[in-house]
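Working through the structure, step by step
Letter by letter, the chains look like this.
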Amino acid sequence: MDYQDAITIFENSTKKKVVQIERCNVGIANYVFRVCTVTEKFILRCSKNIEAYKDTVYWLNRLAVCEIPIPAVHDSYSKNPFYML
């Protein structure tokens, strides 16, 4: 996955314009990017594995009610061959 793929996925799923993007060198099964819009910052996680975020989404939703500072999942997006959280 290159930067243009990440920008396209982010902008199509959020309808927000990317002003800065940086690849994070973490994870062996994911593509992780720091994305900035004019007013907000996001972490974009992408994978070629359709099941990659199933457990993550489940647990983040369950833990959200515990008042633990965890990231909010704004959207998930699927456009072969990438799946996004």
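The shown structure was predicted, so the numbers you read here are calculated from the model rather than taken from an experiment.

1. Considering helix α1 (residues 3-14)
With twelve residues, α1 extends 16 Å between its outermost C-alpha atoms, agreeing within 8% with the 16 Å of an ideal straight helix rising 1.5 Å per residue. Three or more residues of α1 are buried, namely Ala6, Ile7, Ile9, Phe10 and Ser13. The buried residues of α1 occupy one face: seen down the axis, they fall within an arc of 165°. Remark: Lys15 follows α1 within two positions and exhibits a positive phi of approximately 60°.

2. Observations concerning the pairing of strand β3 (residues 41-47)
Direction of pairing for strand β2 (residues 31-36) relative to β3: antiparallel, over a ladder of six bridges. Its bridge partner being in β3, Phe33 is matched across the sheet by Leu44. Hairpin connection, β2 to β3: the antiparallel pair is bridged by four residues.

Cut-offs applied
Once a new chain begins, its residue numbering starts again from 1 and follows that chain's sequence as written. This being a predicted model, a pLDDT of at least 70 is required before a residue's local features are given, and a value of 80 or more before pairs of side-chain atoms are given or counted; all residues contribute to the totals for chains, interfaces and linings. Values reported for side chains reflect all heavy atoms of the structure, with hydrogen atoms and water molecules removed beforehand. Helical segments are the DSSP runs of H or I of at least four residues, strand segments are the runs of E of at least two, and each set is numbered from the N terminus. Multiplying one less than the number of residues by 1.5 Å gives the expected span of a helix. Here's how the labels work: a residue is buried when its accessible area is under 20% of the maximum for its type, exposed when over 50%, partly exposed in between, all with a 1.4 Å probe on protein chains only. The arc refers to the directions leading from the helix axis to the C-beta atoms. Any two strands with at least two DSSP bridges between them are considered paired.

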